[in-house]
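# Commentary on secondary and tertiary structure
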Amino acid sequence: MNQTTITSTSADHGITLYTLRNAHDMRITISDRGATLVSWWAPDRYGRVADILLGYPDCEGYQDNPPYFGGLIGRWGNRIANGRFTLDGADYLVDRNEGSNHLHGGDSGFHLAQWQAAAGPDGLRLTLESAEGEAGYPGNLQVSVLYNLDDEGRLSIDYSASSDAPTPLNLTSHGYFNLNGGSADIYDHILAIAADQYLQIDAQLIPVDAASVAGSAFDFRQPAPIGPRLAWPDPQLKLAGGFDHCYCLRPQHPLVPGESRKPQPLREVTTVYDPGSGRQLSVATTENGLQFYSGNFLAGVQGRGAGAYAKHDGFCLEAQAYPNQINGADAEAVVLRPGQVYRQTTTYQLTVR
């Protein structure tokens, strides 16, 4: 039986923090500013409790949040090349907030929005209305996300959305994890990803082609430590300063062009294990893509510790559609049309062994 409780506290800048606590005293704090994952307190194999999420020491940092710590990302997770796309014969220009490209919803991304929150027996539900024209997107969009923490240490994130006009949509969660609780970098973390291909990128981090992971630094079909892979002389790693690539997750039913908005079954796609603490994170999703980001731009960001974060102090596993897919051959799969409902489920489960 799930005995999770939800409590709330008021914070600075009009923010309310909600804490989900399960029967084993695992605690996850979520802010209504950006529907943000703020903290996840959990024990290691010795019973020592630490926060496995990176973030700011107080609410002030989340007012701008350049690294997107823990944010709910939308309308578009990841990048849109040149901030442009064509939909039903009309050309659209959205915020260009990373050079000439659009990143993570632009200047008015969902990670900066004030969401409406309500606690209930099924978890913490946050809702948002995104008006037509925000960041340049068409359609009035209504978004809902439900967070639930069960007694098995599983955080479930259930997304849904509807629109009154066709619009691209690609939602994801941008939590930065460090399973040793921030006592060291992520080099010793052992990663496994169930994917045979990944998307290679250009100098602007825009995907250019799918490539086999075989024989490359990107092959995590068998568990491997992250640190040694970061040291491989791979041109793709050099372009991104580490891993910042989308993996093409193995589907459990065939993808049909124009129909791939239909979710995949919820299936486990990746695990990360920290041998020092014994903590293991398992990720399951209904999405087709998983962005693995190794914290390449964390250097100098002041977090909760005494010193600033360093490069590779945290990692992200962002379940999503493919970056720039709205400009690709399967663009229709990421268009939400009136009468349709966008749905996605991703879970992050923390265990100790």
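Just so it is clear, the structure is predicted and the values come from calculations on it, not from any experiment.

## Considerations on the packing of aromatic side chains
Applying the stated rule across the entire model yields 17 aromatic pairs. Between F85 and Y137 the ring centres are 6.2 Å apart and the planes differ by 25°, which places this aromatic pair in the stacked class. Taken together, the residues span a long stretch of sequence, with F85 in strand β8 (residues 84–87) and Y137 in the loop between β12 (123–130) and β13 (141–149) at a distance of 52 residues. The same class applies to F85 as to Y137, namely buried. On the basis of an interplanar angle of 75° and a centroid distance of 6.0 Å, the ring pair of Y176 and Y293 is categorised as edge-to-face. In this pair, Y176 is assigned in the loop between β16 (172–173) and β17 (190–193) and Y293 in strand β24 (residues 289–293), connecting sequence segments 117 residues apart. Relative accessible area serves as the criterion here: at 3%, Y176 is assigned to the buried category. Members of the aromatic cluster, joined through ring pairs, are Y56, Y62, F69, Y176, Y293 and Y309. Over the ring of F220 we find R229, and its NZ or CZ is 4.9 Å from the ring centre. A cation sits over an aromatic face here: R229 above W232, 5.2 Å from the ring centre.

## A short note on the layout of surface pockets
Leftover empty space is mapped by rolling, across the atoms, a probe with the size of a water molecule. Empty space within the second largest pocket amounts to approximately 280 Å³. In terms of lining residues, the second largest pocket is bounded by 18 residues, among which Y68, L103, Y176, Y293 and F297 are the most central. Considering only residue class, the lining of the second largest pocket consists of 10 nonpolar, 4 polar and 4 charged.

## Description of unusual backbone geometry
With omega at 5°, the peptide bond leading from G74 into R75 counts as cis. Within the secondary structure, R75 is located in the loop between β6 (72–73) and β7 (79–80). With phi around 70°, H312 is a residue other than glycine that occupies positive phi space. When you line up the elements, H312 lands in the loop between β24 and β25 (316–320).

## What to know about the nonpolar core
W40, W115, Y147, Y247 and F292 are the most contacted members of the largest nonpolar core, which has 61 residues in total. Once residues within four sequence positions are removed from consideration, W40 is found in contact with M26, R27, I28, A50, D51, I52, L53, G153, L155, F177, Y348 and L350. Of all hydrophobic cores here, the second largest spans 14 residues; its members include I15, L17, L298 and V301.

## Considering the sheet that holds strand β4 (residues 36–43)
Spatially, the 5 strands line up as an open sheet ordered β1-β2-β3-β4-β5, and their pairing is antiparallel. Edge positions in the sheet fall to β1 (5–10) and β5 (49–51), since each has one partner strand and no second. Averaged over all pairs of adjacent strands, the angle between strand axes in this sheet comes to 20°, irrespective of strand direction. Here β4 runs beside β5; their pairing, made up of 3 bridges, is antiparallel. What sits directly across from P43, in β5, is V49.

## Quick word on the environment of E134
Position of E134 among the secondary structure elements: in the loop between β12 and β13. Given the relative accessible area of 32%, E134 is considered partly exposed. For the pair E134 and V94, spaced 40 residues apart in sequence, the C-alpha to C-alpha distance is 8.6 Å. Only 3.0 Å separates the side chain of E134 from the side chain of S130, close enough to count as a polar contact.

Here is what the cut-offs are and how they apply
Residues numbered from 1 in each chain as written. Predicted model: local features only at pLDDT ≥ 70, side-chain atom pairs only at ≥ 80, totals over all residues. Heavy atoms only, no water. Phe/Tyr/Trp six-rings, centres within 6.5 Å; stacked < 30°, edge-to-face > 60°. Helix = DSSP H or I, 4+ residues; strand = E, 2+ residues; numbered from the N terminus. Buried < 20%, exposed > 50% of the residue type's maximum accessible area, 1.4 Å probe, protein only. Lys NZ or Arg CZ within 6 Å of the ring centre and 35° of its normal. 1 Å grid on protein atoms, 1.4 Å probe; cavity = no way out; pocket = protein on both sides within 12 Å on 5 of 7 lines; lining within 4 Å. Points joined across faces, edges and corners; volume = space filled by probe spheres on them. Nonpolar A, V, L, I, M, F, W, Y, C, P; charged D, E, K, R; others polar. Core = buried A, V, L, I, M, F, W, Y, C linked by side-chain atoms within 4.5 Å. Contact = heavy atoms within 4.5 Å. Pairing = 2+ DSSP bridges. Axes fitted to C-alpha atoms, helices over the stretch in contact; angles between N-to-C directions. Polar contact = N/O pair within 3.5 Å; in protein donor to acceptor, adjacent residues only side chain to side chain.

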